Structures are given as C-alpha cells and as structure tokens.
Amino acid sequence: MNNLPLVAPVFPAGKEPLPPGISDEDRENYLQAKKYQDYMTVGMESCVAKTIIAGGGGFAIGALFSLMSSSFAYEDPLLRQNLSTQQKAREVFKEMGRGMVKSGKGFGKVGALFAGIECVIESYRAKNDMVNPVAAGFLAGGILARNSGPKAAFGGGVAFAAFSAAIDLFLRRETADED
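As the structure is a computational prediction, the values presented were derived from the model and not from experiment.

Asks: Would you take a moment to explain the nonpolar core for this structure?
Replies: Side chains that are nonpolar tend, in soluble globular proteins, to be buried together. Within the largest apolar cluster, 6 residues are counted, these being Phe114, Ile117, Ile121, Ala136, Ala140 and Phe160. Elements supplying a minimum of two residues to this core: α3 (85-125) and α4 (131-144). Looking at which element gives the most residues to this core, the answer is α3, with 3 residues. Beyond its immediate sequence surroundings of up to four residues, Ile121 is in contact with Asn132, Ala135, Ala136 and Leu139.

As structure tokens, this is what we get:
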C-alpha cells in the first residue's frame, strides 16, 4: 500500500477492500449485486426509461381519474330501458373502460412528452435546476397545442411552463427544521 499523504490507494481489480461486515466468502455475491445495481442505475438515468415510466404512470393516473369521475356521470334511466340488468351493467362497464383508456392515453402522452423533453434538456445542459422543467413545460405545452395555431401553441407553452415551475418550486422547497 502507498504511504504518501493525500494520495488515493490503488488496488488491483477484484481485490478492493470490502465494506464492513462483508467477508471474503461474500465477495462474489457482493460484486454481483453491485453489478446489477449499476445496471439499474444506468437504466434509470436513461431518457428512454424515464419517458416510459412517466408515460406508464400518466396512463395509470389518467385511468384512475376516469374511473373515479365515471362514478359521478349522469346515467339516463330511459337510455337503456329495454335491456336486462346484466346487459346494462355490461354496457356501463364497457363505457367506463373506454373512458379509462382514452383518459389514460391523454395523461400518458403528456407525462411521456414532458419527461422525455425534460430529460433531454437536462442531459444537454448537464444541470438540474429550475430551467429544465420550465423549458420542457414550454415545449411540451406548445407541442400539445400545435394544432390550434401559433397563438394557442405559445399560450399553451406559457401555461404549461408556469404550471411546471409552480410544481417544481413546490417539490424543491426546503422544509423547516424541527428542533
């Protein structure tokens, strides 16, 4: 080992010192667990994984919101008066499913679009600050409103950017220390 001050020791590969509590017999299991942990870290830091996770989460939240709001939907009793109770229930559940898929797709699209753009901006800038979600919100809002014309796209971008800034400020705030 090196006795020079302020110089990091160099160990051969596979012979690094183990954390406390890990014996040499456990070295192989420890190294394998560390390898899988590194794979998961690399996967979770990729923009593709973040986009897929945000899209899937958005789909789930959208479907859940639709399911909850369908319980408040007004059902016309005369609409299905010539169907049996089982047929009525089947039709209501089909409508609920269609609504859940439609709402889930919308939320999933917004989540995936925003997360993907934010991740690309963060990767390009190599910074994690308030600029990333605001810029991603502006771009995502503009993309989502693009079919309504340039004025609406700009307005959608500004509104989404403001919403993203408000959410990010809320999530980044420091909590008061409890003494």
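Asks: Any chance you could explain the pattern of salt bridges here in plain terms?
Replies: Any two side chains of opposite charge can pair, on the condition that their charged atoms come close. The tally for this structure, following the rule as stated, stands at 3 salt bridges. Its salt-bridge partner being Lys34, residue Asp38 comes within 3.6 Å of it at the nearest N-O pair. Residue Asp38 and its partner Lys34 are located together in helix α1 (residues 27-45), separated by 4 residues, close to a single helical turn. Overall, the relative accessible area of 36% leaves Asp38 in the partly exposed class. What makes Lys34 partly exposed here is its relative accessible area of 35%. For Arg172, the salt bridge identified is with Asp168, shortest N-O distance 2.5 Å.

Asks: Explain helix α5 (residues 150-172) to me, please; I cannot follow it from the model alone.
Replies: Its 23 residues place the ends of α5 32 Å apart at the C-alpha level, agreeing with the 33 Å of an ideal helix rising 1.5 Å per residue. The secondary structure elements touched by the buried residues of α5 are α3 and α4.

Asks: How should I be thinking about the side chain of Glu118 in this particular structure?
Replies: Structurally, the position occupied by Glu118 is in helix α3. Contact partners of Glu118, with chain neighbours within four places excluded, come to Asn132, Pro133 and Ala136.

Asks: Mind showing me how you'd approach the packing of aromatic side chains here?
Replies: Aromatic ring pairs: the centre-centre distance and the angle between the two ring planes describe each pair. A full pass over the atoms with the stated rule returns 4 aromatic pairs. Taking 5.6 Å as the distance between ring centres and 75° as the angle between the ring planes, the aromatic pair formed by Phe65 and Phe107 counts as edge-to-face. With a gap of 42 residues between them, Phe65 in helix α2 (residues 47-70) and Phe107 in helix α3 connect regions that are remote in the sequence. Ring plane angle 15° and centroid distance 5.8 Å describe the contact between Phe114 and Phe160, whose orientation is recorded as stacked. With Phe114 in helix α3 and Phe160 in helix α5, the pair connects residues that are 46 residues apart, well separated along the chain. Both residues of the pair, Phe114 and Phe160, belong to the buried class. The ring of Tyr36 carries the charged tip of Lys35 above its face, separated from the ring centre by 5.5 Å.

Cut-offs and rules
Residues numbered from 1 in each chain as written. Predicted model: local features only at pLDDT ≥ 70, side-chain atom pairs only at ≥ 80, totals over all residues. Heavy atoms only, no water. Core = buried A, V, L, I, M, F, W, Y, C linked by side-chain atoms within 4.5 Å. Buried < 20%, exposed > 50% of the residue type's maximum accessible area, 1.4 Å probe, protein only. Helix = DSSP H or I, 4+ residues; strand = E, 2+ residues; numbered from the N terminus. Contact = heavy atoms within 4.5 Å. Salt bridge = Lys/Arg side-chain N within 4 Å of Asp/Glu carboxyl O. Expected span 1.5 Å × (residues − 1). Phe/Tyr/Trp six-rings, centres within 6.5 Å; stacked < 30°, edge-to-face > 60°. Lys NZ or Arg CZ within 6 Å of the ring centre and 35° of its normal.

Interpretation note: all reported values are geometric properties and have no functional meaning in isolation.
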